[in-house]
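Descriptive structure summary
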Amino acid sequence: MSELKEYTLEEIVKHNTQEDCWLIIGNASNGGPKVYDVTKYLDDHPGGAEVLLDVAGQDADEFFEDIGHSKEARKELSKYLIGNFKLDAAALEKMKAAAEKRSKNEGGMVSTLLVALIAIVGVAVAYYKTQQSAGAEEK
Ligand code: HEM
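Residues numbered from 1 in each chain as written. Predicted model: local features only at pLDDT ≥ 70, side-chain atom pairs only at ≥ 80, totals over all residues. Heavy atoms only, no water.

Within the chain, the regular secondary structure consists of five helices and five strands. Seen in sequence order, the chain has helices and strands lined up from the N terminus as β-α-β-β-β-α-α-α-β-α. The globule rule puts the C-alpha radius of gyration for 139 residues at 14 Å, and the 25 Å found for the chain is more than 25% above it. For the C-alpha atoms alone, the extent of the chain along its principal axes is close to 85 × 35 × 30 Å. Residues counted as buried form 23% of the 139 residues belonging to the chain. (Helix = DSSP H or I, 4+ residues; strand = E, 2+ residues; numbered from the N terminus. Rg over C-alpha atoms; globule rule 2.2 N^0.38 Å. Buried < 20%, exposed > 50% of the residue type's maximum accessible area, 1.4 Å probe, protein only.)

Let us now look at the coordination of the iron atom of the ligand. The coordination sphere of the iron atom of the ligand, as far as protein atoms go, consists of His45 (NE2) and His69 (NE2), spread over 2.0 Å. For the iron atom of the ligand, the six donor atoms in the first shell make angles of 86 to 179° at the metal, a pattern classed as octahedral. Of this pair, histidine 45 sits in the loop between strand 4 (34-37) and helix 2 (49-54) while histidine 69 is found in the loop between helix 3 (61-67) and helix 4 (71-78), placing the two residues 24 residues apart along the sequence. Taking the relative accessible area as the measure of exposure, histidine 69 reaches 21% and is therefore partly exposed. (Donors = N, O, S within 2.8 Å, 3.2 Å for Na, K, Ca; no water. Tetrahedral: all angles 85-135°; square planar, octahedral: opposite > 155°, others 65-115°.)

On to the site of the ligand. Near the ligand lie 17 residues; those nearest to it are Tyr41, His45, Leu52, His69 and Ser70. The separation between a nitrogen atom of the ligand and a polar side-chain atom of histidine 45 is 2.8 Å. Here a nitrogen atom of the ligand and a side-chain polar atom of histidine 69 are 2.8 Å apart. At a threshold of 2 Å from the grid points, most atoms of the ligand map onto the second largest pocket. Mapped onto the shell around the ligand, the elements with two or more residues apiece are helix 2, helix 3 and helix 4. Broken down by class, the residue content of the shell around the ligand amounts to 12 nonpolar, four polar and one charged. (Near = heavy atom within 4 Å. Polar contact = N/O pair within 3.5 Å; in protein donor to acceptor, adjacent residues only side chain to side chain. 1 Å grid on protein atoms, 1.4 Å probe; cavity = no way out; pocket = protein on both sides within 12 Å on 5 of 7 lines; lining within 4 Å. Sits in = over half its atoms within 2 Å of the grid points. Nonpolar A, V, L, I, M, F, W, Y, C, P; charged D, E, K, R; others polar.)

For the rest of this paragraph, the subject is the UniProt feature "domain: Cytochrome b5 heme-binding" (unreviewed entry) in the chain. Look at the UniProt record and you will see "domain: Cytochrome b5 heme-binding" (unreviewed entry) annotated at residues 4-86. Here residues 4-86 runs as 30% helix and 27% strand, with 11 Å between its end C-alpha atoms. (UniProt positions renumbered as here; feature names shortened; annotations may be inferred.)

With that settled, the discussion passes to the layout of surface pockets. Empty space among the atoms can be located by rolling a probe the size of a water molecule over them. The space that makes up the largest pocket amounts to roughly 540 Å³. Forming the boundary of the largest pocket are 23 residues, of which Asp59, Asp61, Lys94, Met95 and Ala98 lie nearest the centre. Listing elements by their share of the lining of the largest pocket, those giving two or more residues are helix 3 and helix 5 (89-138). Of all the elements, helix 5 adds the most residues to the lining of the largest pocket, at eight residues. Within the lining of the largest pocket, the residues separate by chemical class into 13 nonpolar, four polar and six charged. By volume, the second largest pocket amounts to about 420 Å³. His45, Val51, Leu52, Phe64 and His69 are, among the 21 residues lining the second largest pocket, the residues nearest its centre. Taken together, the residues of the lining of the second largest pocket sort by class into 15 nonpolar, four polar and two charged. (Points joined across faces, edges and corners; volume = space filled by probe spheres on them.)

Written out as structure tokens, the structure is:
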């Protein structure tokens with residue numbers, strides 16, 4: 001198996017036009033960020049060329065995953081692989097910050113739901129108690 005070339009962000013950002021369009025896609029859960037030359041795919045993309053050009057020369061992993069692309073889309077993607085994304089210190093820092101932000105958002109969501117649940121249970125218990133004492137007074 002031939003070794004994949006490694007590209008730095010500095011190199012990748014230069015390929016950000018319709019005539020020359022690279023994307024970074026992938027993350028730690030699927031073999032790491034990789035570099036794809038999707039220039040020839042722009043006109044064939046079912047989601048349109050525009051969305052790809054918006055993220056040309058950049059990390060498009062979050063967008064790619066958010067759409068929920070099919071298995072076929074992933075197979076198609078593999079045809080355009082040209083190399084690995086070599087993380088320099090700045091890129092690593094950026095990815096780490098994005099991952100932390102994502103996990104914080106998820107954590108925030110869970111704790112908001114938990115607080116809401118506790119509040120609902122609290123109100124229900126209080127209501128139940130008032131009903132009970134009202135019942136006791138009637139007796
Ligand atoms: C080379 C990389 C990509 C490939 C091979 C690819 C492939 C595909 C394919 C095959 C579809 C049809 C639906 C499916 O089979 O999942 C699709 C739809 C779509 N893709 Fe991509 N895609 C790529 C990158 C991206 C990126 C980076 C974005 C966003 C920035 C994007 C946004 C969309 C959108 C918006 C749709 C339409 C979804 C819909 O109408 O339901 N794609 N793509």
